[in-house]
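Now for the letters of each chain:
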Amino acid sequence: MSNPVVRIRGLSKSFPGRRSFWGRPVSDIVALRPTDLDIGRGETVGLVGESGCGKTTLGRCIVRGIEPSSGEIWVDDDAGGCTDFARLSGARLKHARRELQMIFQDPFSSLDPRMTVYDIIKEPIVIQDHPPADEVQRRVFEITEKVGLNKGHLRRYPHAFSGGQRQRIGIARALVVKPRVVVSDEAVSALDVSVQSQILNLMDDLKKDLDLSYLFISHDLSVVRYVADRIAVMYLGRIVESASNDKLFRSPRHPYTEALLSAIPDPDPRRVGRRIVLGGEVPNPARPPAGCPFHPRCRYAVERCRQEEPESVPIDDEHLVSCHRAGELQLRGVRCDESLPAST
């Protein structure tokens, strides 16, 4: 991995859960357990897992869309040093927000229907920099061209655009302040299959052109396989495995990763019956199981899994896994010559 531009250490988030008769909280829902994650310069890190596993919570904590309960978010600054984004407040936080921007899942509700496209894109510049009007216009025109829109679109309102065009507007809004890191939260999941590849290719071109780093959150492993350099798998609020794209797909070491990979649609009808169906439901985060959080659904679980929570240990360089049996299990991956869906 290249030099990290963001280093996340022990980041966690809890929400108030059940309350007593007197209205006092008596339990917390731990949406995100203490998490470590690095994002390298120019790197796309994919974050995958089932709905409700904490992917979006992690992404929003990183950009301070919601306040983390604990942890550190170290971000490289212009002077070559590091700043703990989690500890900033007031004017310093406002200034630092330009470094970490977010692309939202829904291109319809994430844009203000009462604002023109020009006003939507220029708003972050005005809030951050207060530049003269001609500078604002220049920067808006520049990013509009980069995302594949034209100047004639700028005086229209969001309802006049398709889903793919609206997502281009959302991308322009995120990139107009020239961030270092962009958190993409299911950025293509609400789009038609025919449009997804266009947006993914656009994001890849922008990454190279603007020297961006991405945290790409998705539930679709086929999409993540197409865009990510490195992949982290999340389950019940914690990262259970992380590795390079090739290693994770070829040689998964966590049973949950194996189950996710088995759900990728196979283009060869001769290979049937490969999907691993997990039993039971995702545990309640307010009452997680003892030991390994995945053991109630794991077909490889042993007594130790029910009693002791596994630590994240290295399998080899840049391949980490939280599983007691990672060294002995031979899990099934996905061949790298298997074709991707038509959407990518």
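The rules behind each value
Residues numbered from 1 in each chain as written. Predicted model: local features only at pLDDT ≥ 70, side-chain atom pairs only at ≥ 80, totals over all residues. Heavy atoms only, no water. pLDDT = per-residue confidence, 0-100. Contact = heavy atoms within 4.5 Å. Phe/Tyr/Trp six-rings, centres within 6.5 Å; stacked < 30°, edge-to-face > 60°. Helix = DSSP H or I, 4+ residues; strand = E, 2+ residues; numbered from the N terminus. Lys NZ or Arg CZ within 6 Å of the ring centre and 35° of its normal. Disulfide = S-S within 2.5 Å. Salt bridge = Lys/Arg side-chain N within 4 Å of Asp/Glu carboxyl O. Buried < 20%, exposed > 50% of the residue type's maximum accessible area, 1.4 Å probe, protein only. Core = buried A, V, L, I, M, F, W, Y, C linked by side-chain atoms within 4.5 Å. Pairing = 2+ DSSP bridges. Axes fitted to C-alpha atoms, helices over the stretch in contact; angles between N-to-C directions. Expected span 1.5 Å × (residues − 1). Polar contact = N/O pair within 3.5 Å; in protein donor to acceptor, adjacent residues only side chain to side chain.

Attention shifts here to the confidence of the model for the protein. In this model, the protein carries a mean pLDDT of 89, and residues with pLDDT of at least 70 account for 93%. Note on residues 338-344: pLDDT under 50 across the span, and 16 contacts to partners over four residues away in sequence or across chains.

Moving on to the packing of aromatic side chains. The tally for this structure, following the rule as stated, stands at three aromatic pairs. Ring geometry for Tyr235 and Phe294: centres 5.1 Å apart, planes at 85 degrees, overall edge-to-face. With Tyr235 in strand β9 (residues 230-235) and Phe294 in the loop between α9 (255-262) and α10 (303-307), this pair connects stretches of sequence that are 59 residues apart. Following the ring pairs from residue to residue traces out a cluster consisting of Tyr235, Tyr256 and Phe294. Its end group placed over the ring of Phe85, Arg64 keeps NZ or CZ at 6.0 Å from the ring centre. The side chain of Arg155 reaches across the aromatic face of Tyr118, ending 4.7 Å from its centre.

With that out of the way, let us pick up the state of the cysteines. Tallied over the full model, the rule gives zero disulfides. Lacking any disulfide linkage, Cys82 is separated from the closest cysteine sulfur, that of Cys61, by 20 Å.

Right, let's talk about the pattern of salt bridges for a bit. Under the definition given, this model contains 24 salt bridges. Linking Arg9 and Asp38 is a salt bridge whose minimum nitrogen-to-oxygen distance equals 2.8 Å. With Arg9 in strand β1 (residues 4-16) and Asp38 in strand β2 (residues 28-40), this pair connects stretches of sequence that are 29 residues apart. Overall, the relative accessible area of 32% leaves Arg9 in the partly exposed class. Across the salt bridge formed by Arg87 and Asp84, the nearest N and O atoms sit 3.9 Å from each other. Assessed through its relative accessible area of 10%, Asp84 is described here as buried. Connected through shared salt-bridge partners, Arg7, Arg41 and Asp76 make up one network.

The next thing to look at is the nonpolar core. Counting 62 residues, the largest nonpolar core has Ile121, Val147, Ile169, Ile171, Leu206 and Phe249 as the members making the most contacts within it. Once you skip the residues sitting within four places of it in the chain, Ile171 turns out to touch Ile103, Val147, Ile199, Leu202, Met203 and Leu206.

Turning our attention to the pairing of β1. In this sheet, β2 lies alongside β1 in antiparallel orientation, the contact comprising nine bridges. Following the sheet pairing, Pro4 is matched in β2 by Gly40. One ladder, built from five bridges, connects β1 with strand β4 (residues 70-76); its direction is antiparallel. Bridge pairing in β4 links Ile8 to Ile73.

The next thing to look at is the sheet that holds β1. Strand order across the open sheet formed by four strands is β2-β1-β4-β5, with antiparallel pairing between neighbours. With one partner strand each, in any of the chains shown, β2 and β5 (82-84) form the two edges of the open sheet. This sheet shows a mean twist of 20 degrees between the axes of neighbouring strands, independent of strand direction. Packing of helix α1 (residues 55-62) onto the sheet brings it into contact with β1, β2 and β4, and relative to β1 it is tilted by some 115 degrees.

Spanning 13 residues, helix α5 (residues 163-175) covers 18 Å between terminal C-alpha atoms, matching the ideal 18 Å at 1.5 Å per step. Within α5, 12 of the 13 residues are buried, which leaves it mostly tucked inside the rest of the structure. By the burial criterion, the buried members of α5 are Gly163, Gly164, Arg166, Gln167, Arg168, Ile169, Gly170, Ile171, Ala172, Arg173, Ala174 and Leu175. Buried residues in α5 make contact with β6 (100-103), α3 (117-128), α4 (133-146), β7 (181-185) and α6 (193-210).

This next bit is on the environment of Leu215. Relative to the helices and strands, Leu215 is located in strand β8 (residues 213-217). Classification of Leu215 by relative accessible area gives buried; the value is 0%. Between the C-alpha atom of Leu215 and that of Leu47, which follows or precedes it by 168 residues, the distance is 7.0 Å. The contact partners of Leu215, leaving out residues within four places of it in the chain, are Leu37, Ile39, Val45, Leu47, Ile62, Val182, Val183 and Ser184.

Turning to the side chain of Gln167, a few remarks are in order. For Gln167, the location among the structural elements is in helix α5. Polar contacts involving the side chain of Gln167 include one to the main-chain carbonyl oxygen of Ala187, which spans 2.7 Å.

Before going further, it helps to examine unusual backbone geometry. Leaving glycine aside, a negative phi is the common case for residues, and trans is the common case for peptide bonds. Phi at His130 takes a positive value of approximately 55 degrees, unusual for a residue other than glycine. Examined against the element boundaries, His130 turns out to sit in the loop between α3 and α4. Phi at Glu186 takes a positive value of approximately 50 degrees, unusual for a residue other than glycine. Structurally, Glu186 is set in the loop between β7 and α6.

Here we take up the side chain of Arg180. Among the secondary structure elements, Arg180 is positioned in the loop between α5 and β7. Given the relative accessible area of 17%, Arg180 is considered buried. Only 2.9 Å separates the side chain of Arg180 from the side chain of Glu99, close enough to count as a polar contact.

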